Amino acid sequence: MRLVHEPADGDPRTLATDVERADSLLKKVKGLMGKSSLPDGYALVFEFGRTGYRDVHMLFVRTPLDVVWLRDDEVVQVKTLAPWRGTGVAKADCFVELPGGAADGVEPGDRVFLDDG
């Protein structure tokens, strides 16, 4: 499985090939807390099944993260969060956490989606 970025006006590119799903309440609560680094090509995907305000905090996260909020695979917000003190919120049905800098070039209106093939 890979995470693909499809810009509104460009060619698709792979953002991550090492993709994990936060598919339980415990995984969603823990997220990337305690991590001091992430490998290149890594993404943690939080899917919720319905749109709502989705907030992210960086308490106990020791490495910068790029967070991409999505609604029906369309990017609604992208933000780089600083370790320990960063926060962000957007109305979305999914968000993705990536190593800091991995979402460079991803803009609202673009598509980001999981490709199982």
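Everything here concerns the structure above.
Residues numbered from 1 in each chain as written. Predicted model: local features only at pLDDT ≥ 70, side-chain atom pairs only at ≥ 80, totals over all residues. Heavy atoms only, no water.

This brings us to the packing of aromatic side chains. Working definition: an aromatic ring pair is given by the centre-to-centre distance plus the angle between the planes. Taken as a whole and judged by the stated rule, the model has four aromatic pairs. With a centroid separation of 4.4 Å and 20° between ring planes, the pair formed by F46 and F95 is classed as stacked. Of this pair, F46 sits in strand β4 (residues 42-57) while F95 is found in strand β7 (residues 87-99), placing the two residues 49 residues apart along the sequence. Each of the two residues, F46 as well as F95, counts as buried. Measuring from centroid to centroid gives 5.3 Å for F60 and W84, while their planes differ by 65°, and the two rings are edge-to-face. With F60 in the loop between β4 and β5 (65-71) and W84 in the loop between β6 (74-81) and β7, the pair connects residues that are 24 residues apart, well separated along the chain. Site record: aromatic cluster; members linked through ring pairs are F46, F48, W69 and F95. For the cation-ring pair, R54 lies above F48, with the distance from its terminal atom to the ring centre recorded as 4.1 Å. (Phe/Tyr/Trp six-rings, centres within 6.5 Å; stacked < 30°, edge-to-face > 60°. Helix = DSSP H or I, 4+ residues; strand = E, 2+ residues; numbered from the N terminus. Buried < 20%, exposed > 50% of the residue type's maximum accessible area, 1.4 Å probe, protein only. Lys NZ or Arg CZ within 6 Å of the ring centre and 35° of its normal.)

Counting through the fold element by element, G31 comes out in the loop between α1 (25-30) and β4. Sequence-wise, G31 and E20 are 11 residues apart; in three dimensions their C-alpha atoms are separated by 11 Å. Residues contacting G31, with those up to four places away along its chain left out, are L44 and F46. (Contact = heavy atoms within 4.5 Å.)

A separate point is the pattern of salt bridges. A complete count under the given rule lists five salt bridges for this structure. Between D115 and R2 there is a salt bridge whose closest N-O contact spans 3.1 Å. With D115 in strand β8 (residues 111-115) and R2 in strand β1 (residues 2-6), this residue pair connects regions lying 113 residues apart in the sequence. On the accessibility criterion, R2 (32% relative accessible area) is partly exposed. Note that E6 and R111 form a salt bridge whose closest N and O atoms lie 3.0 Å from each other. On the criterion of sequence distance, the pair formed by E6 in strand β1 and R111 in strand β8 is long-range, its members being 105 residues apart. For R111, a relative accessible area of 33% gives the class partly exposed. One connected set of salt bridges, linked through shared partners, spans E6, D73 and R111. (Salt bridge = Lys/Arg side-chain N within 4 Å of Asp/Glu carboxyl O.)

This part takes up unusual backbone geometry. One non-glycine residue with positive phi stands out, namely F60, at about 70°. In this structure F60 comes out as partly exposed when scored by relative accessible area, which is 44%. The backbone phi angle of W84 is positive, close to 70°, even though this residue is not glycine. Overall, W84 belongs to the partly exposed group, its relative accessible area being 45%.

All we've got here are geometric facts, nothing functional implied.
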